[in-house]
Amino acid sequence: MFTQTIEAVAVCKTPYQQKFGIPRQPGLVDAQGQIKLTGDYNHPDFVQGIEQYSHLWLLFSFHENLEQGFKAKVRPPRLGGNEKIGVFATRSTFRPNGIGQSVVRLHQVRLEANQVILDISGMDLVNNTPILDIKPYLPFSDSLTNAKAGMAQESPELCSVNFSKECSIAFESMTNGDEFKRLIEQVLSQDPRPAYKKNKHDDKDYFISLYNYNIGWKVVENQILVNSINAD
Ligand code: SAM
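Residues numbered from 1 in each chain as written. Predicted model: local features only at pLDDT ≥ 70, side-chain atom pairs only at ≥ 80, totals over all residues. Heavy atoms only, no water.

For the chain, the name recorded in an unreviewed UniProt entry is tRNA (N6-threonylcarbamoyladenosine(37)-N6)-methyltransferase TrmO, with Parashewanella curva as its organism. According to the UniProt record, the Sequence similarities (unreviewed entry) comment for the chain is "Belongs to the tRNA methyltransferase O family." (UniProt positions renumbered as here; feature names shortened; annotations may be inferred.)

Q: Which residues make up unusual backbone geometry, and what values do they have?
A: Backbone geometry places aspartate 191, a non-glycine residue, at a positive phi of 45°. Position of aspartate 191 among the secondary structure elements: in the loop between α3 (177-189) and β10 (206-210). Here the phi dihedral of tyrosine 211 falls at roughly 50°; this positive angle occurs in a residue that is not glycine. For tyrosine 211, the location among the structural elements is in the loop between β10 and β11 (213-220). (Helix = DSSP H or I, 4+ residues; strand = E, 2+ residues; numbered from the N terminus.)

Q: Please give an account of the domain arrangement of the chain that cites residues and values.
A: The domain architecture assigned to the chain consists of domain 1 (10-142) and domain 2 (161-231). Inter-centroid distance (C-alpha atoms) of domain 1 to domain 2 is 24 Å. Listed per partner, the contact involves 15 residues of domain 1 and 16 residues of domain 2. Summed over the three residues of domain 1 that lose the most area to domain 2, namely Pro15, Phe20 and Val29, the buried surface amounts to 36% of that side. If you look at where domain 1 meets domain 2, you find 1 salt bridge. The residue arginine 182 makes a salt bridge to aspartate 30 at a minimum N-O spacing of 3.5 Å. (Domains from an automatic or database assignment. Contact = heavy atoms within 4.5 Å. Buried area = accessible area lost by both parts, 1.4 Å probe. Salt bridge = Lys/Arg side-chain N within 4 Å of Asp/Glu carboxyl O.)

In structure tokens form, the structure reads like this:
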């Protein structure tokens, strides 16, 4: 049985402090983030010429799930969370080798106090996820617009997001308040709840953590209402 030792080459910095609430695929929320090269890989030579690409593939570890192992069959949200299919027929986060892949937008490459930083947007990764490899996205071979994707042909349906009066006022006193409000709107419009909760009465209070804020919300008549924003 072939085995290979691999090590992280970078780490990602994203607004997402926990898995709950992260979009299910990249590009659904254009949250700004960074990739910081680590260890012996933190050298400009590794990324020389990378700025010629607008998008990159990130291969990364679903490191927060590794200890929970994997099963041959999983219940994808797209099937309502009750039907099972093979893990290789899904983008499940519980998989052999625990490797994820995401195509993301590259904005710029910087060297700051000997730290190589790639400014990236659209990641679907929890903050500090280990990055295992970085590759250019090549439209001529990676963009297959006539590909069939079965149950996952379309991007997920969006949900309307409203803000309580208090929350709307809170953004006015924040630096980049409008940008933060837009990020919250984009994230929650994905309706992060488990599939089996949708289209049913649900009066649970939910919370997501973005940057160092805890954002409270609930579902009111099939729309999401943001009702609290507290700095951690
Ligand atoms: N685009 C990648 C892929 O297809 O392999 C990831 C798709 S996966 C469904 C996206 C989810 O992975 C996010 O919504 C989040 O819940 C989870 N996730 C992100 N970073 C993670 C990490 N470091 N460990 C475990 N789960 C993570």
